[in-house]
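Chain by chain, the residues run as shown.
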Amino acid sequence: MTTTTAKQKITHLPIFSHTMSPTNSSDDMKLLPPFPAPDPGMISTQNLESDIRILTSGGHHIPAHSSLLASASPVLGSIIASLRENSCSANTIQIFGVPYDAVSVFVGFLYTSMCAEEEMEKFGIHLLALSHVYLVPKLKRRCTKALAQQLTVENVVDVLQLTRLCDAPDLYFKSMKLIDENFKAVEHTEGWQFLQQNDPFLELEILQFIEEAELRKKNTKKHREDQSLYLQLSEALESLEHICTEGCTSVGPHDIEPSRTKGPCSRFSTCEGLQHSIRHFAACQKKVNGGCLRCTRFWQLLKLHSSICDNSDICRVPMCREFKTRTELQKKRKDITRWDLLAKKVMSARVISSLSVTKKKIKEEPRE
């Protein structure tokens, strides 16, 4: 895989123009034969003489057919139409700013809609510029895909500069992402040093992207941690309802006999620890007002349960109805507390967890 050197940098898009030229070219001009058109849907050039020439860097001429160029590129079609309006008997289209070989491959693509992998690997950056300037979307998509696969630490800065000129957002994002992931290595490349000296605005844009990407990572990490906490609270609330309604091992409602099973509860991972908290809450002398942290947390769990409980009148969880009444009074006074927000997030986490479990069961079910 080739990389872009300093000599191959494209700091501006290729320049094109149209001029009148003599019928006989000088001996130092190099000519390429006309390209065939193998596709039935394209204009056949087998029996037509070339009626236009493309002048490239180094004084090379590429003979071509105006009818095919006009059908393949609207920009070239506009240039050719302008030449015809001026009644030019022999005319030339100039394409400077890219190597002659790259222009030759570009013209070949206009004829055949094909480009070898070796040519794309060698001239991909130049072909992207040409496809953008001359509005050849098929070649532009091909170049964008190929360059994305060829991105390296060495050439990523050069490719990024070109994506801004050629309006290639997908390739721009992939280049930015590669720089973000390998910034320390990119800093030591020739492309980055060239960028610092010649394009400080793009350097600032890259640094801002890296800062925003780091912020997104932190926010994503915090969101996952929060979701994990909400799922734990949701499971703890389900476990609390399970203990207060059905009873589990040695803890349960007063009118239900304790279970004879001595092992830990298999339904909820938080059940055993919650039973210890219930026993402690019943026997603790400090309680909430006295400053017992364990009792305070259990009290908060009871309050959170009441915030999401829809059957407080028949609910068997302690203090559910009392907390619900107090919460309704606060809502009438428009006292929106963080408990409302926490309750919504816990409920949301419970729904997401339920949907993921259902989806997993569907995938595991055998298909007939």
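Keep in mind that what you see is a predicted model, and the values were worked out from it rather than measured. (Residues numbered from 1 in each chain as written. Predicted model: local features only at pLDDT ≥ 70, side-chain atom pairs only at ≥ 80, totals over all residues. Heavy atoms only, no water.)

This part takes up the nonpolar core. Counting residues in hydrophobic clusters, the biggest one holds 58 residues, and the most contacted among them are Leu69, Phe106, Leu127, Tyr134, Ile179 and Ile206. A total of nine residues in this core trace back to one element, the largest contributor, which is helix 3 (residues 100-112). Beyond its immediate sequence surroundings of up to four residues, Ile179 is in contact with Val156, Val157, Leu160, Val186, Ile206 and Ile210. Of all hydrophobic cores here, the second largest spans 27 residues; its members include Phe281, Ile308, Ala343 and Ala349. (Core = buried A, V, L, I, M, F, W, Y, C linked by side-chain atoms within 4.5 Å. Buried < 20%, exposed > 50% of the residue type's maximum accessible area, 1.4 Å probe, protein only. Helix = DSSP H or I, 4+ residues; strand = E, 2+ residues; numbered from the N terminus. Contact = heavy atoms within 4.5 Å.)

Enumeration over the complete set of coordinates arrives at five salt bridges. One salt bridge connects Arg164 with Glu205, and the closest N-O pair in it is separated by 3.5 Å. With a gap of 41 residues between them, Arg164 in helix 6 (residues 156-166) and Glu205 in helix 10 (residues 200-245) connect regions that are remote in the sequence. You can call Arg164 partly exposed: its relative accessible area is 38%. A salt bridge links Lys222 to Asp226; the shortest N-O distance between them is 3.1 Å. You can see Lys222 and its partner Asp226 sitting in helix 10, four residues apart, about one turn around the helix. By relative accessible area, Asp226 is classed as partly exposed at 24%. Each of Arg164, Asp199 and Glu205 takes part in one network of salt bridges that share partners. (Salt bridge = Lys/Arg side-chain N within 4 Å of Asp/Glu carboxyl O.)

Before going further, it helps to examine the packing of aromatic side chains. According to the stated counting rule, one finds six aromatic pairs in the structure shown. The interplanar angle of 80° and the centroid separation of 5.5 Å between the aromatic rings of Trp299 and Phe323 together place this pair among those described as edge-to-face. Here the residue Trp299 occupies a position in helix 12 (residues 293-308), and Phe323 occupies one in helix 13 (residues 320-332), the gap between them amounting to 24 residues. The exposure class assigned to Phe323 is buried, which follows from its relative accessible area of 2%. Members of the aromatic cluster, each reached through a chain of ring pairs, are Phe281, Phe298, Trp299 and Phe323. Arg216 extends its terminal NZ or CZ atom over the ring of Phe209, reaching a point 5.7 Å from the ring centre. (Phe/Tyr/Trp six-rings, centres within 6.5 Å; stacked < 30°, edge-to-face > 60°. Lys NZ or Arg CZ within 6 Å of the ring centre and 35° of its normal.)

Before going further, it helps to spend a moment on helix 5 (residues 137-150). Given 3.6 residues per turn, any residue in an α-helix points the same way as the ones three and four places further on. With 14 residues, helix 5 ought to run about 20 Å at 1.5 Å a step, and its terminal C-alpha atoms sit 20 Å apart, in line with that. Of the residues making up helix 5, those classed as buried are Leu139, Lys140, Cys143, Thr144, Ala146, Leu147 and Gln150. Where helix 5 is buried, its residues contact helix 3, helix 4 (117-133), helix 6 and helix 7 (169-181). (Expected span 1.5 Å × (residues − 1).)

Turning our attention to the pairing of strand 3 (residues 61-64). Alternating residues of strand 3 divide into His61 and Pro63 and Ile62 and Ala64, and every residue in both groups is buried. Direction of pairing for strand 2 (residues 52-56) relative to strand 3: antiparallel, over a ladder of four bridges. Note on strand 3: the bridge partner recorded for Leu55 is His61. The hairpin formed by strand 2 and strand 3 contains four residues between the paired strands, and Gly58 there has a positive phi angle of roughly 90°. (Pairing = 2+ DSSP bridges.)

What follows covers the environment of Leu55. Counting through the fold element by element, Leu55 comes out in strand 2. Here Leu55 falls in the buried class, since its relative accessible area comes to 14%. Taking C-alpha positions, Leu55 is 7.9 Å from Phe96, a pair spaced 41 residues apart along the chain.

Take the layout of surface pockets next. Each pocket or cavity is described by its volume, and for the largest pocket that value is around 510 Å³. Lining the largest pocket are 17 residues; nearest its centre among them are Leu229, Leu233, Ala236, Arg297 and Leu301. Among the elements of the structure, helix 10, helix 11 (271-283), helix 12 and helix 14 (338-364) are those that each provide at least two residues to the lining of the largest pocket. In terms of residue count, the dominant contributor to the lining of the largest pocket is helix 12 (six residues). Of the residues assigned to the lining of the largest pocket, the class counts are 10 nonpolar, five polar and two charged. (1 Å grid on protein atoms, 1.4 Å probe; cavity = no way out; pocket = protein on both sides within 12 Å on 5 of 7 lines; lining within 4 Å. Points joined across faces, edges and corners; volume = space filled by probe spheres on them. Nonpolar A, V, L, I, M, F, W, Y, C, P; charged D, E, K, R; others polar.)

So, on to the side chain of Gln161. Structurally, Gln161 is set in helix 6. Not counting the four nearest positions on each side in its chain, Gln161 is found in contact with Phe194, Leu195 and Leu202.

This paragraph deals with the confidence of the model for the chain. Summarising the model, the chain shows a mean pLDDT of 79, and 75% of its residues fall at 70 or more. Predicted confidence for residues 18-34 stays below pLDDT 50, and this span has 37 contacts to residues more than four positions away or in other chains. (pLDDT = per-residue confidence, 0-100.)

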